[in-house]
Every structure is written in structure tokens, then in C-alpha cells.
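These are the residues of each chain, in order.
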2 protein chains.
Amino acid sequence: MTDDPVIGFGIDAIREAAKRLAGRAVRTPLLNSPMLDDLVGGRVLVKAECLQLTGSFKVRGALNALLALDEDARRGGIVTYSAGNHGQAVAAAARLADCPAVVVMPRDAPRIKVDNCRWWGAETVFYDPGTEDREEVTGKILQARGMTLIPPFEDPRVMAGQGTVGLEIAEQARELGLAPDTVLVNCSGGGLASGVITALNHEFEGLANHIVEPAGFDKMARSLAIGRVCANPRPPGGVMDAISGPVAGARPLAVLSRHDVTGLTVTDEEALAAVAVAHRLLKIVVEPGAAASLAALLVGKADVRGRTVALVASGGNVDPAVYRRAVSD
Amino acid sequence: MTDDPVIGFGIDAIREAAKRLAGRAVRTPLLNSPMLDDLVGGRVLVKAECLQLTGSFKVRGALNALLALDEDARRGGIVTYSAGNHGQAVAAAARLADCPAVVVMPRDAPRIKVDNCRWWGAETVFYDPGTEDREEVTGKILQARGMTLIPPFEDPRVMAGQGTVGLEIAEQARELGLAPDTVLVNCSGGGLASGVITALNHEFEGLANHIVEPAGFDKMARSLAIGRVCANPRPPGGVMDAISGPVAGARPLAVLSRHDVTGLTVTDEEALAAVAVAHRLLKIVVEPGAAASLAALLVGKADVRGRTVALVASGGNVDPAVYRRAVSD
């Protein structure tokens, strides 16, 4: 597949992103555990993006989008309205590129998220989720200050940045003498899933592609089924906040539609059990939404016996109480 | 320093070990966290040996010692009497080299440790710690079956295997354009400390060398002070079981004596706080004894302001209850 001229996204954009991120984003390890392989009956390669700067893959997309701006726009600075992993990623990207950043957050955002954004040097602007609209608040900042919005997934440069995860999986698997035949990616807006699935299907033939979402909140699988963007009926409200955004991305949907993609879902309990397995066998700290793919493997929702599976442990920013609940005796 | 002809250990032995382990042991990542750097005021490079096969660095030494045996001895198999990380490492090394292994364990060893050794294919032999001597039990097996003992640290090949951690730190730091000027290593028998300090002092000039032990149980620091092997007065009995062995190794002591090494100690509470920092900022699962060096940094026992520090997060096999205690709100 060459780059789509309308979306402005494809393998070439991902390769360009890889060049921009080299020496800036962390080339996270591709982990393997013989005991995990034994549990699922296949070879499992875990891309540990929890070890990425800011504790999630999100900094790849934010930094690629930022570095692709012209000098003037870059100096003007960037804005986002995510309080979660993307917000911290935007803050970190701005610091790495030495430009200003604003993160728009609900007034009741967890203290740790506010502190993290500020630690990276971003300004935090609060809105009242009861009376104000975050996009309106963000829009005013964009206009007044001449800044650029970096959306969490609905942007070809962001998608390309996330796709570098897939390129690295391909390189690192080859270094181990392996070729994945199956890929599972945690999915919310679809930035990571569209990037990784594009990169890996370019590098390997005949891949079985899976996206994994919270049970009952599989907006992207439903979007793929009917061919247009779906929203979740309401926020899932469980432990998988990293993949609980309200709506699937139109551009990610367009990209995923070109591949044969199977949607899987996992419950909160299944995700927590996978967090515990990552703790015990891989020794990495994974947040529940980032453990969804591993959960799908562990409960046999994808049959990977005899197969070589790549998946992304996409982040590790987890509430201590949730983690303690996962890691029981 | 060239290899000591009496001890049979030095930089050449470590380099030979690196060749033997290539493609077998994991080249674990050297992690960095800007937030951690900010906390201690220096640049901290964390060698994540918790991501090593079996969840600790120990497999390096065991595998190097095993692969250095001649064909006959290797086929005869290996034995050890450690129920902890070294026991699992011997079991894994034997499986990687396709030879038999026996792990001698106290009858009351935790189930998980027994299961892990068996999973790797080792035979487990139990003794009654109240009435039997583990070395006597082990000796009988060695004689009766013609097997080879792989001790946890008192062996130049084991020390050389652990030293490959230091060689990799040097390579990986250089890839980042950095040169460590300070090193901290968790220390019990001294296999890891002697290996890493030998390797790093060969690669970099004027290093400040530190070993870190449990407070009140600093057998190696006392051994270094008086120039002969000391034992701990009793087992520490706290959470740092990974560095709570009864006695310092004579060969490791001889090697460490040639360097200017400062002994530091940390308490259980300091180690648990470091486990939490590794969880929150590095997203790796570290056991308390393997977090001792990080703990020493965090409480300012080594002043590393403006310095570039290498340390080893040496293992991640931690009891879930202990981990939950560490990871509080």
C-alpha cells in the first residue's frame, strides 16, 4: 500500500515518522516469556510501550505531528484537550522540541495527571465539564494564541507516529529470526491500531489482524461492520480508561477498513488478570486498557496455537489501587 | 586489569562470557526517566535485569558456567542448592543447553519457586532444614550422579557471566552518548558486584564504585574493611531476600578489593519506596533487594548531583503481598 493521498497516511509517512523520532522516542524492547508462550501455546512478542517516555506510545504520535510543523507553527506551540496519556504526551513532545504547550483539562482531573503535564512544562487550562464544552475552550485558545491542535488520533501525522511501533516490531522480530503471523492491537480512537496494522501488513504477508476493545464498548468493531464511525453508547466507566474514548476515528477507520480486521473484546476482570500476568511473567507495569490484547490471548479469544503473535503493551499509567487489585495472591 | 591467573577472572573472562551468552540471554534495556533524573539531580541509567529470562540477572552466570563445561560434564548435568533466583536460573540454563539439572531446596520452599524450577525441567530434591545440611545433600547428588555444582557466586565463570551486565551497560550508555562516572550495584555474595564493577572500570576511567546492602547486614562492606570474608550475624529476615545471603564470597571479595568501593546500606522501607518509584516512573517490576541501589540514590546516600549513574535493577521476582505494600497511594 502506498500513502493515501486523501488521508495523507501510509507506509511512507510511517517511515518518515521513524526518521523524525530516531534518538528522541525510546526504541522500546520487544519482550518474550517462555512461560507466557507455554500458557497460550504460541510465540508471543510483546512490544513494551509502557517503557516509552511518559509511560505510553502516545508521545510518538504527538512528537511526529509537532516535528512536522513548520518553524513558525512550532514556535507558536501546541494544544490538546486530553487529560490522559495523550495530554502528557503533548506536554512531553513540546518540551523535547522546546516549544510551548497547553493541555485543556476538566476541573476535576486527577492531581497526578495535572502534575505530570506541568512537570513537562505545559500550561494547564481547566474547564467545567458541567457547563463548558472542551472543544470550545480549546478553540478559543487556538484562535487567541495562534497555537496548533494536536488531536489524539484523528490526524495522519499522529497515526504515522504510532505506526513506528509496528515498524520497530518488524525489525525486532527479524532480529530474533521471527516473522509474526498474527497481530493484536488495543483500540480506542484507532491511531495506534491503524498505524501498527499498516506497518506490519506492509512488512509481513498474510497477517491475521485483530483489534481489542472493552466488552460492550466496541465502537471500532461496529464502525468497521457498518462502514462508518460509531460512538460508544456511554463511557465504559471501568478500569480500561486508556481505550474508553467516546468515538472511533474516521481516518483510522478508513485505514483499518482496507485490511481484514477482526474485532475482539475483553471484560475488566480479564484485563486485570492480564495486568497480573504481565507483572508476574514479563515484569512490566501495564495499565488495564493496555493489557487488553494480552487478555484476549489469555482467555483464548484469538486462537494462536502454533502461531507467532505480536501485541502492544501500550501503556503503564495505572492507578495504584487498581494495580493492587490486579496483583493478588 | 588482565585476568587474575589464580581467580581465573577478569575482563577477558567477561568478554568470553558475552560471546557465549549472545542470542541466549536477553540483552536487557538500559532505561532512563527524566522524572527520576529530576528527583536525584543526576542522570540515572537503569539496567533492567528484571526483564532477563527467569526475572533476574542470575541466568547469565549459570548459563556461562554451564556452557564453559566440557561436553561430558555438560551432558552429566548441573546442581545447585539455592531455592531463590539462582535456583531458577540453573534450571533455565540447563533447559537452554539441553542438559539435566537438580535444584536442592528446603522442604518448606515457597510453592511458586518449586513450580518455576520444575517448569524449566529441573528435578527438585528436598531436604529438612531442621535436621539436614543442604551442602551434604548436594554433595551426595554430585557424587552419585556425576553432576557439576554451579554455585551462586563463588565461581569465576559465574562472576564473568554476571559481568556481562556491566559490558552491556557500557555499550548501551555509549549508544546514548553517555559515560557513567558512578556505579551502584546491589550486593550479597558479590557475584554481580564484582562482575559489573570489573567490566565498568575497564570501560570507563575514574568511576565512583558503590555496593548496596541491607542496613545492619553489610557483610561485604565489612569484609572489604577487614580484608577477609565476613558473615551476617543472622539472616536479615526482611523484604530484601535477594541480597540476604549469609556470607560474602571470597573470590568476589578479592576482586572488589582491587577497586575503590564504598559500601552503602538501605532499610526495608527505603527499598520498598524504591520499588514504588520503579513502578511509577520506570514501569518495571523490581523486587526490594533489587531496588536497593535505586533506594540509596533516592534517599541521598550517594550524592549524584550532576553525575551520570549506572545501576542494576537486578530482579523482579517479588511476592504479591510485598508488592502491594510497596505500591500504595
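The name recorded for chain A in an unreviewed UniProt entry is Threonine/serine dehydratase, from Streptomyces milbemycinicus. UniProt, in its Cofactor (unreviewed entry) section for chain A, records the words "pyridoxal 5'-phosphate".

A. The packing of helix H5 (residues 85-96) of chain A against helix H6 (residues 111-119) of chain A, seen in detail. Residue and element names in this part refer to chain A. Contact pair H5 / H6: the axes reach a minimum separation of 8 Å and the direction vectors enclose 15°. By the angle between their directions, the pair H5 and H6 is classed as roughly parallel. Here H5 and H6 pass one another in a crossing that is left-handed. Here Gly-87, Gln-88, Ala-91 and Arg-95 of H5 lie close against H6, whose contacting residues are Asn-116, Cys-117 and Trp-119. In terms of residue class, the contact of H5 with H6 is built from three nonpolar, three polar and one charged.

B. Structural detail: the sheet that holds strand E7 (residues 182-186) of chain B. Residues and elements named next belong to chain B. A sheet is described by the order of its strands in space; here six strands give the open sequence E1-E2-E10-E7-E8-E9, paired in mixed fashion. With one partner strand each, in any of the chains shown, strand E1 (30-31) and strand E9 (261-266) form the two edges of the open sheet. Relative to strand E10 (residues 308-313), E7 runs parallel, the two being bridged by three bridges. Bridge pairing in E10 places Leu-184 opposite Leu-311.

C. Geometry of the UniProt feature "domain: Tryptophan synthase beta chain-like PALP" (unreviewed entry) in chain A. In this numbering, the UniProt entry assigns the feature "domain: Tryptophan synthase beta chain-like PALP" (unreviewed entry) to residues 27-315 of chain A. Each end of residues 27-315 of chain A is marked by a C-alpha atom, and these two atoms are 14 Å apart; helix forms 44% of the span and strand 17%.

D. View of the relation of the copies chain A and chain B. Its rotation angle being 180°, the transformation that places chain A on chain B also includes 0.0 Å of axial translation and leaves an RMSD of 0.0 Å. Here the two chains are linked by the operation of a two-fold rotation axis. Across chain A, the rotation axis passes nearest the C-alpha of Ile284(A), at a separation of 2.3 Å. Here 100% of the contact residues of chain A are again contact residues in chain B; the copies associate through an equivalent surface.

E. Structural context of the pattern of salt bridges. Residue and element names in this part refer to chain B. By the definition in use, this model includes 38 salt bridges over all chains. Here Arg-60 makes a salt bridge to Glu-168, at a shortest N to O gap of 2.8 Å. With Arg-60 in helix H3 (residues 58-67) and Glu-168 in helix H8 (residues 156-175), this residue pair connects regions lying 108 residues apart in the sequence. Like Glu-168, Arg-60 is buried. Notably, a salt bridge pairs Glu-123 with Arg-145, separated by 2.8 Å at the nearest N-O pair. Placement of the pair is Glu-123 in strand E5 (residues 123-127) and Arg-145 in helix H7 (residues 134-145), with a sequence separation of 22 residues.

F. Focus on the pairing of strand E5 (residues 123-127) of chain A. Residue and element names in this part refer to chain A. Note that strand E4 (residues 101-106) and E5 share five bridges and pair parallel. Bridging from a neighbouring strand, Val-103 pairs with Thr-124 of E5. Once you follow E4 into H6 and on to E5, the crossover reads as right-handed.

G. Here's a closer look at the domain arrangement of chain A. Residues and elements named next belong to chain A. Here the domain parsing of chain A yields domain 1 (11-57 + 155-326) and domain 2 (59-149). Here the C-alpha centre of domain 2 lies 24 Å away from the C-alpha centre of domain 1. Here domain 1 and domain 2 share an interface that buries about 1600 Å² over both sides, 57% of which is from carbon and sulfur atoms. In this structure, the connection of domain 1 to domain 2 is made through two salt bridges. Our enumeration of links across domain 1 and domain 2 arrives at 11 residue pairs in polar contact (both at pLDDT 80 or more). Every element with two or more residues in the side of domain 1 that touches domain 2 is listed here: helix H1 (11-21) and helix H8 (156-175). Ranked by the residues each element gives to the side of domain 1 that touches domain 2, the list is headed by H8, at eight residues. Here the side of domain 1 that touches domain 2 is composed, by residue class, of 10 nonpolar, eight polar and eight charged.

H. Just the packing of H8(A) against helix H9 (residues 191-203) of chain A, in detail. Residues and elements named next belong to chain A. Closest axis-to-axis distance for the H8/H9 pair is 7 Å, and the angle between their directions is 40°. Classed by the angle they form, the pair H8 and H9 counts as oblique. Read as a crossing pair, H8 and H9 show a hand that is right-handed. When H8 is examined against H9, the residues Met-159, Gln-162, Gly-163, Val-165, Gly-166, Leu-167, Ile-169, Ala-170 and Arg-174 are found in contact with a partner set consisting of Gly-191, Leu-192, Ser-194, Gly-195, Val-196, Ala-199, Leu-200 and Glu-203. In the contact of H8 with H9, the residues fall into nine nonpolar, six polar and two charged.

I. Spotlight on the nonpolar core. Judged by nonpolar contacts, the single largest core of 147 residues is most densely connected at Leu36(A), Val46(A), Leu184(A), Ile284(A), Val46(B), Leu184(B) and Ile284(B). Every residue in contact with Leu184(A), bar those within four places of it in the chain, is listed here: His210(A), Val212(A), Leu264(A), Ser293(A), Ala296(A), Leu297(A), Ala302(A), Val309(A), Ala310(A), Leu311(A) and Val312(A).

J. Main features of the interface of chain A and chain B. With 28 residues of chain A at the contact, the number on the chain B side is 28 residues. In this assembly, chain A packs against chain B so that about 2400 Å² is buried in total across both faces, 68% of it on carbon and sulfur atoms. Interface area lost by chain A to chain B is led by Met35(A), Lys283(A) and Arg324(A), which between them contribute 27%. At the boundary of chain A and chain B, one finds zero salt bridges. Those elements that provide at least two residues to the side of chain A that touches chain B are helix H2 (34-40), H6, helix H12 (268-282) and helix H14 (320-326) of chain A. At four residues, the largest contribution of residues to the side of chain A that touches chain B is made by H14(A).

K. Representation of the sheet that holds strand E1 (residues 30-31) of chain A. Residue and element names in this part refer to chain A. Reading across the sheet, the six strands line up as E1-E2-E10-E7-E8-E9 and stay open at both edges, with mixed pairing between neighbours. Both outer strands of the open sheet, E1 and strand E9 (261-266), are each paired with one neighbouring strand and no more. With six bridges connecting them, strand E2 (residues 43-48) and strand E10 (residues 308-313) associate as parallel partners. Paired with Val-44 across the two strands is Val-309, which belongs to E10.

L. A look at the side chain of Lys283(A). Note that Lys283(A) resides in the loop between H12 and helix H13 (292-298). When near neighbours in sequence (up to four residues on either side) are disregarded, Lys283(A) contacts Ala278(A), Cys50(B), Leu51(B), Gly55(B), Ile284(B), Val285(B), Gly316(B) and Asn317(B).

M. Up close: a negative patch on the surface. All names here are of chain A. Judged by side-chain charge, Glu-132, Asp-133, Glu-135 and Glu-136 come together as a negatively charged surface patch. Checked against the element boundaries, Asp-133 lands in the loop between E5 and helix H7 (134-145). Under the relative-accessibility criterion, Asp-133 is labelled partly exposed at 41%.

The rules behind each value
- Residues numbered from 1 in each chain as written.
- Chains lettered and ligands numbered in written order.
- Predicted model: local features only at pLDDT ≥ 70, side-chain atom pairs only at ≥ 80, totals over all residues.
- Heavy atoms only, no water.
- UniProt positions renumbered as here; feature names shortened; annotations may be inferred.
- Axes fitted to C-alpha atoms, helices over the stretch in contact; angles between N-to-C directions.
- Helix = DSSP H or I, 4+ residues; strand = E, 2+ residues; numbered from the N terminus.
- Parallel < 35°, antiparallel > 145°, perpendicular 65-115°, else oblique.
- Left-handed = near helix turned anticlockwise from the far one by under 90°.
- Contact = heavy atoms within 4.5 Å.
- Nonpolar A, V, L, I, M, F, W, Y, C, P; charged D, E, K, R; others polar.
- Pairing = 2+ DSSP bridges.
- Least-squares fit on C-alpha atoms with pLDDT ≥ 70 in both.
- Salt bridge = Lys/Arg side-chain N within 4 Å of Asp/Glu carboxyl O.
- Buried < 20%, exposed > 50% of the residue type's maximum accessible area, 1.4 Å probe, protein only.
- Right-handed = clockwise from strand over helix to strand, strands pointing away.
- Domains from an automatic or database assignment.
- Buried area = accessible area lost by both parts, 1.4 Å probe.
- Polar contact = N/O pair within 3.5 Å; in protein donor to acceptor, adjacent residues only side chain to side chain.
- Core = buried A, V, L, I, M, F, W, Y, C linked by side-chain atoms within 4.5 Å.
- Patch = residues over 30% accessible without salt bridge, like charges linked within 9 Å, V, L, I, M, F, W, Y side chains within 5 Å.
- Areas by Shrake-Rupley, 256 points an atom, 1.4 Å probe, with all protein chains shown as cover.
- Lys, Arg positive; Asp, Glu negative; His and termini not counted.
- Charge placed at Lys NZ, Arg CZ, Asp CG, Glu CD.

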